[in-house]
Amino acid sequence: MTRPRHTPGTVSPRPSPRRRGAVGAATGGVPRSGLPRGLVVLLGTSAAVVTGAGIKAMSWLVGPVFLALIIVIAVSPVRTWLRRKGMPAWLATTALVLAVFGVMLVMVLVLVVSVAQLAGELPNYAARADDLIAGATAWLADLGIDGDELHQITQSLDLGKLAGVAGSVLASVGGLVSNIVFVLSLLLFLSIEASAAPARLAEIAQDRPAVAVALADFARGTRRYLVVTTVFGLLVAVLDTVALMLLGIPLALVWGLLAFITNYVPNIGFVLGLVPPALLALLDGGWQPMVLVIVIYCVLNFVCQSLIQPRYVGGAVGLSTTVAFLALLFWAWMLGALGAILAIPLTLLAKALLIDIDPRARWAGALLGARGGG
């Protein structure tokens, strides 16, 4: 067999410019779709804006659905543990449904009772609030601040209006019965479907293993976040309640519950839980009790929520503090108060669906602060 003769001075054929462009597209120089990268970014941004507008318009549905999903994810290990102990599948599922319903009903009951107590207590401090406002106005007037501006400010600081707001909140909570029934129905269906989740993930893994891994990591990270946040929230709530009781601050149990709930709000939850008891301490006992409440809350927050809790929460969710704060602002704008409480789980779901399923998006995971780049 003879080899082709190589004539001196000849040059081996090179790929044409069109061929080189195709190779560059295959290696990542240009998106595989053939579209310019700028156009791809523009289309992706437009799709994100449209999706966000749709979610905001459907917040009345998206919020309760995701709340039900998170509750089921949180308590689903109960069914797994019961099955491991030899309980029949139908009985384990029934126990899961009862546990989910119990959590939901306790949350609603405690919320209704707390708001009712608050609405009944606020009018008792209206006169005291007026005296404090008058004293503060006189002090500011002595400093040379314009009296007309002070008059406008004092008109806005009306505790009677706050009491009316609390009453309207109580009425709105009472009007949530239909939504509660809707959420309970979702919880029932999701709890029953939870038994088939492992089999469905296994089926997804056969065709899309990255999607199955991302969804499993989302459920695992969400569960760890809820466990850590609940444990530290209970600890802080108990300590705050005991401190408020020792100081004689009214509605100490209500403020302890508020501290527990606001612990799920990243970054600013501490401030949201501090302001109401501090103001009530001011109305009930003056400046000294208010300062004591602020100092106690700050010390407990610094030790538990600023030094200890972030070590565990950061490892559970893999999000930086800045990303968590931006996620809080975004989801609170999208879904309201429920979005603020569920900001971290919502962000974990978005990360799982948009970043974790694509190995080429590891750079985005690194920007979010995820360990190992997502």
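Everything numeric here is computed off the predicted structure, so don't read it as measured data.

Rules of the game
Within each chain, residue numbers correspond to sequence positions counted from 1 in written order. Residue-level local features of this predicted model are given only where pLDDT is at least 70; pairs of side-chain atoms are given and counted only at 80 or more, and the full residue set underlies all totals for whole chains, interfaces and linings. The side-chain figures draw on all heavy atoms in the structure; neither hydrogens nor water molecules are used. Only runs of H or I of at least four residues qualify as helices and only runs of E of at least two qualify as strands under DSSP, and these elements are numbered from the N terminus. Every helix has an expected span of 1.5 Å times one less than the residues it contains. For each residue, the accessible area found with a 1.4 Å probe, counting protein chains only, is set against the maximum for its type, and the residue is called buried under 20%, exposed over 50%, and partly exposed in between. Arc definition: it is the arc formed by the directions from the helix axis to the C-beta atoms. Any two residues whose heavy atoms approach within 4.5 Å at even a single point are treated as in contact. By definition, a salt bridge exists where a carboxyl oxygen of Asp or Glu is found within 4 Å of a side-chain nitrogen of Lys or Arg. Think of each axis as a best-fit line through the C-alpha atoms, taken over the contacting stretch in the case of a helix, with angles from 0 to 180 degrees between the N-to-C directions. Here is the rule for angles: anything less than 35 degrees is roughly parallel, anything more than 145 is roughly antiparallel, 65 through 115 is roughly perpendicular, and the remaining ranges are oblique. In this scheme the crossing of two helices becomes right-handed for a clockwise turn of the near helix relative to the far one and left-handed for an anticlockwise turn of less than a right angle. When residue character is reported, Ala, Val, Leu, Ile, Met, Phe, Trp, Tyr, Cys and Pro are called nonpolar, Asp, Glu, Lys and Arg charged, and the others, Gly included, polar. pLDDT measures the predictor's confidence residue by residue and takes values from 0 up to 100. For this analysis, a polar contact is any N or O atom pair within 3.5 Å, provided that within protein one partner can donate a hydrogen and the other can accept it, and provided that sequence-adjacent residues contribute only side-chain to side-chain pairs. Definition of nonpolar core: a set of buried residues of the types Ala, Val, Leu, Ile, Met, Phe, Trp, Tyr and Cys, connected through side-chain atoms within 4.5 Å.

As for helix α14 (residues 321-335)
Link 1 in the chain: Spanning 15 residues, α14 covers 21 Å between terminal C-alpha atoms, matching the ideal 21 Å at 1.5 Å per step.
Link 2 in the chain: Those residues of α14 that fall on the buried side of the exposure criterion are Val323, Ala324, Ala327, Leu328, Trp331, Met334 and Leu335. All buried residues of α14 fall inside an arc of 145° around its axis, so they share one side. In α14, the exposed positions angled more than 90 degrees off the buried face are occupied by Thr321, Thr322, Leu326 and Trp333.
Link 3 in the chain: Looking at the buried side of α14, the elements it contacts are α2 (37-57), α3 (59-84), α15 (337-341), α16 (343-356) and α17 (362-368).
Link 4 in the chain: One or two positions beyond α14, positive phi appears at glycine 336, with a value near 80°.

Regarding α16
Link 1 in the chain: Under the 1.5 Å per step criterion, the end-to-end length of α16 is 18 Å for 14 residues, consistent within 8% with the ideal 20 Å.
Link 2 in the chain: Residues Ala343, Ile344, Pro345, Leu346, Thr347, Leu348, Lys351, Ala352 and Ile355 constitute the buried set of α16.

Re the pattern of salt bridges
Link 1 in the chain: Applying the stated criterion across every chain, the model contains three salt bridges.
Link 2 in the chain: The closest approach of N and O atoms between aspartate 207 and arginine 208, which form a salt bridge, is 3.1 Å.
Link 3 in the chain: The class for aspartate 207 is exposed, based on a relative accessible area of 54%.
Link 4 in the chain: Classification of arginine 208 by relative accessible area gives partly exposed; the value is 49%.
Link 5 in the chain: In this structure, the salt-bridge partner of aspartate 356 is lysine 351, at a minimum N-O distance of 3.1 Å.
Link 6 in the chain: The exposure class of aspartate 356 is partly exposed, given its relative accessible area of 22%.

Quick word on the packing of helix α11 (residues 252-262) against helix α12 (residues 269-285)
Link 1 in the chain: Put simply, α11 and α12 touch, their axes get as near as 8 Å, and they point 165° apart. Taken together, the axes of α11 and α12 lie roughly antiparallel to each other. The chirality of how α11 crosses α12 is right-handed. Residues Trp255, Leu258 and Thr262 of α11 lie in contact with α12, whose contacting residues are Gly269, Leu272, Gly273, Pro276, Pro277 and Leu280.

So, the packing of α2 against α3
Link 1 in the chain: The contact between α2 and α3 brings their axes to 5 Å, and the two run at 85°. Looking at the two axes, α2 sits roughly perpendicular to α3. The residues of α3 that touch α2, namely those facing Ile55, Lys56 and Ala57, are Ser59, Trp60 and Val62.
Link 2 in the chain: Across the contact of α2 with α3, the residue classes tally to four nonpolar, one polar and one charged.

Considerations on the confidence of the model for the chain
Close reading of the predicted structure is inappropriate where its pLDDT is low.
Link 1 in the chain: Residues of the chain with pLDDT of at least 70 account for 77%, and the chain-wide mean is 76.
Link 2 in the chain: Here residues 8-12 is a poorly scored stretch, pLDDT under 50, and it has zero contacts once near neighbours within four places are set aside; other chains count.

A word on the environment of tyrosine 264
Link 1 in the chain: Positionally, tyrosine 264 belongs in the loop between α11 and α12.
Link 2 in the chain: The spacing of tyrosine 264 and alanine 343 is 79 residues in sequence and 8.5 Å in space, taken between C-alpha atoms.
Link 3 in the chain: Among residues more than four places away in sequence, those in contact with tyrosine 264 are Tyr225, Leu226, Thr229, Thr230, Ala340 and Ile341.
Link 4 in the chain: Looking at tyrosine 264, its side chain comes within polar contact range of the side chain of threonine 230, at 2.5 Å.

Details of the nonpolar core
Link 1 in the chain: In terms of nonpolar packing, the biggest core is built from 44 residues, with Met104, Leu187, Phe218 and Trp331 touching the most fellow members.
Link 2 in the chain: Elements represented by at least two residues in this core include exactly α3, α4 (89-121), α8 (177-193), α10 (209-247), α14, α16 and α17.
Link 3 in the chain: Ranked by residues supplied to this core, first place goes to α3 with eight residues.
Link 4 in the chain: Discounting residues that sit within four places of it in the chain, phenylalanine 218 has contacts with Phe66, Ile70, Ile73, Pro345, Leu348, Leu349 and Ala352.
Link 5 in the chain: One finds Leu244, Leu280, Leu283 and Val293 within the second-largest nonpolar core, a separate group that totals 19 residues.

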